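Given next are the chains, with one letter for each unit.
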Amino acid sequence: MVEEPVREYSWAHVCARRLGRQWLAAPSQTASPAEIVRAMCGAHAQVMPAAELSVGIRGAGISRAEVRKALWEDGTLVRTFGPRGTVHLLPAADLSQWSGALGALPPNPALRQFLTPGQTDQIVAAIADALRDAELTVDELTDAIVARTGAWAADPVMPAFQTMWPRWRAALGTAGFRGALCFGAGRGRAATYRSPGQLLPGFRPADPAPALSWLLRAYLQAYGPATPAHFARWLGVPHGWTAGLFADHRGELAQVAVEGAPAWVLPSDAGAITTEPSGVRLLPYFDSYVVAGQPRELLFPGAASTRALARGQAGNYPVILIDGVVRGLWHHRRSGRKVEITAELIDPARPSRLEEVAQQAERVGNFLQAEAHLTFGTVNVGGHA
């Protein structure tokens, strides 16, 4: 039997597909915040204003109020722990699949210095029990966990922000992965946690094997063509583990090539890409397009690899995307009803591009409900931790 030739894609074609899939080529006229977050395969939400903007720039007319309403009133979005153990917005309708998949990932070996696997299981069970019908702050949750496990859970052993956190907090992300907790609305400046079951009655994580298959397909839908190494970096797990997952699903994937390098897509995505990337976008901190997008050397070409990455890590700087690749940085500072935006382009740009940057700056201002004032110059603000 003669094998079909592997389809070759240019990097420009890959950018065009990703921009279109995530409504960065053109904002969606109809998608809800939850549908936009699904297309992004999760929105990084450690910095909530940045997460809100990530969603808002992908939808025509979506306001910050609508994103917050989806999260805190409608319950169509959930704020919880996602890929790499970082805080994400996820669609509530997909939370069972996310929990089933993330709960099946290899544990982070760095956490073993604080908790044994058995202690982790005890703490997750205690969290699930404490939050069954309650919404608790960190301090309240500490007391509840100690009452259910013992004083050892509160030992101050985790270095964090010039202080020491109690031992149990090493299991916080794991508890989110396993569906034992998500974020509550908060009390003043204090974060709170609640059970996903309060939002989704009858909630339980999906079975691991089909959930992992679902997550692999969702990632390739948004960020393919991709490799096991790309998937591993996005999840924060060993490359060998994701290589095994790809091998287990080889019959469900199609091999292609990007600029001569092998990669994989869903079979339905193995056809020709006829569009070209175009347009300018201002992406906020930790936007999923750059955090999940690979390979880095193509997404951050030339000087962008040093100017817009932090030791190889994407997302620490808001970036200017031109035709699907990073070509600059930007920063904004709000003062009352005005927002001052500084845009730094790495390479000289023609006047039409500068006008597009100005249009996107105005769009950011509209989302923030402020009057945007744009200046072209050097961004002096350091990367976000």
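In this convention, every chain numbers its residues from 1, walking through the sequence in written order. Confidence filtering applies because this is a predicted model: local features only for residues at pLDDT of at least 70, side-chain atom pairs given and counted only at 80 or more, and all residues used for totals across whole chains, interfaces and linings. Where side-chain values are given, they derive from all heavy atoms of the structure, hydrogens and water being excluded.

Colleague: Would you explain the sheet that holds strand β14 (residues 325-335) in this entry?
Modeller: The strands making up a sheet associate through backbone hydrogen bonding, with each pair oriented either parallel or antiparallel. Ordered in space as β12-β13-β14-β15-β16, the 5 strands form an open sheet in which the pairing is mixed. The outermost strands of the open sheet, each flanked by one partner alone, are β12 (280-283) and β16 (371-376). Within this sheet the neighbouring strands show an average axis-to-axis angle of 30 degrees, counted without direction. Looking at chain direction, strand β13 (residues 319-322) and β14 are connected through 4 bridges and run antiparallel. Among the inter-strand pairings, I322 is bridged to a residue of β14, identified as V325. Here, two residues are considered to be in contact whenever any of their heavy atoms come within 4.5 Å of each other. Fitted lines through C-alpha atoms give the axes, limited to the stretch in contact for helices. The angle between two N-to-C directions lies from 0 to 180 degrees. What counts as a helix is a DSSP run of H or I of at least four residues, what counts as a strand is a run of E of at least two, and both are numbered from the N terminus. Lying over the sheet, helix α16 (residues 351-367) contacts β12, β13, β14, β15 (338-345) and β16, oriented at roughly 40 degrees with respect to β12. A pair of strands is considered paired only if DSSP assigns at least 2 bridges between the two.

Colleague: Any chance you could explain the packing of aromatic side chains here in plain terms?
Modeller: Aromatic ring pairs are reported here in terms of the distance separating the ring centres and the angle at which the planes meet. Side-chain rings of Phe, Tyr and Trp, where Trp is taken by its six-membered ring, are said to pair if the distance between their centres is within 6.5 Å; with planes under 30 degrees apart they count as stacked, over 60 as edge-to-face, and otherwise as tilted. All chains considered together, the criterion is met by 12 aromatic pairs. These aromatic residues form a ring-pair network of at least three members: W98, W214, Y219, Y223, F231, W234, F246 and W264.

Colleague: What is the right way to read the sheet that holds strand β4 (residues 87-91) from this model?
Modeller: Spatially, β2-β4-β3 is the arrangement adopted by the 3 strands of the open sheet, whose pairing is antiparallel. Each having just a single partner strand, β2 (43-44) and β3 (77-81) make up the two edges of the open sheet. Taken together, the 2 bridges between β2 and β4 define a ladder with antiparallel strand orientation. Each bridged residue has a counterpart across the sheet, and for A43 the counterpart in β4 is L89. Helix-sheet contacts for helix α2 (residues 33-40) involve β2, β3 and β4, and the interaxial angle to β4 is about 115 degrees. Lying on the sheet, helix α5 (residues 95-102) is in contact with β3 and β4; it crosses β4 at an angle near 135 degrees.

Colleague: Before we go on, may I ask you to explain helix α11 (residues 228-235) in this structure?
Modeller: Structurally, the α-helix is built with 3.6 residues per turn, so residues lying three or four positions apart point the same way. Burial within α11 is extensive, with 6 of its 8 residues counted as buried. For every residue, the accessible area obtained with a 1.4 Å probe (protein chains only) is divided by the maximum for its type, and the residue is called buried under 20%, exposed over 50%, and partly exposed between those limits. Of the residues making up α11, those classed as buried are P228, H230, F231, A232, W234 and L235. The secondary structure elements touched by the buried residues of α11 are α5, α10 (208-223), α12 (239-248), β11 (261-265) and α13 (288-292). Two residues or fewer after α11 comes G236, characterised by a positive phi angle close to 75 degrees.

Colleague: Explain unusual backbone geometry here, please?
Modeller: Generally, phi is negative for residues other than glycine and the peptide bonds are trans, each holding for most cases. Following G224, the chain continues to P225 via a peptide bond in cis, the omega torsion being -5 degrees. Considering the arrangement of structural elements, one finds P225 in the loop between α10 and α11. Its identity as a non-glycine residue notwithstanding, Q162 has a phi of 60 degrees, on the positive side. By the element assignment, Q162 lies in the loop between β6 (156-160) and β7 (163-166). In this structure, D323 takes a positive phi of about 55 degrees despite not being glycine. By the secondary structure assignment, D323 is in the loop between β13 and β14.

Colleague: Would you mind going over the nonpolar core with me for this structure?
Modeller: Across soluble globular proteins, you tend to see nonpolar side chains buried next to one another. If you look at the biggest cluster of nonpolar residues, it comprises 77 residues, and the most contacted ones within it are I127, W168, Y193, L215, F231 and W234. Ranked by the residues each element gives to this core, the list is headed by α10, at 10 residues. In this structure L215 touches W98, A101, L102, F231, W234 and L235, once residues within four positions along its chain are discounted. Counting 50 residues, the second-largest nonpolar core is a separate cluster that includes A304, V364, F367 and L368. Among buried residues, those of type Ala, Val, Leu, Ile, Met, Phe, Trp, Tyr and Cys that are joined through side-chain atoms within 4.5 Å constitute a nonpolar core.

Colleague: Sorry if this is basic, but what is going on with the environment of R148 here?
Modeller: Positionally, R148 belongs in helix α7 (residues 138-149). Here R148 falls in the partly exposed class, since its relative accessible area comes to 42%. Along the sequence, R148 and Q122 sit 26 residues apart, while their C-alpha atoms lie 8.7 Å from each other. Beyond its immediate chain neighbours, meaning those up to four positions away, R148 contacts A126, D129 and A130.

Colleague: Is there a simple way to explain the pairing of strand β10 (residues 254-258) in this structure?
Modeller: Every regular strand shows the same layout, with side chains that alternate between the two sheet faces. When you tally the buried positions in β10, you get 4 out of 5 residues, the bulk of the element. By the bridge criterion, 3 bridges tie strand β1 (residues 7-9) to β10 in an arrangement that is parallel. In the sheet register, R7 faces β10, and the bridge partner there is V256. Across 5 bridges, the pairing between β10 and β11 is antiparallel. Looking across to β11, one finds that Q255 is bridged to W264. Here β10 folds back onto β11, and the loop between the two strands holds 2 residues, one of which, E259, carries a positive phi near 50 degrees.

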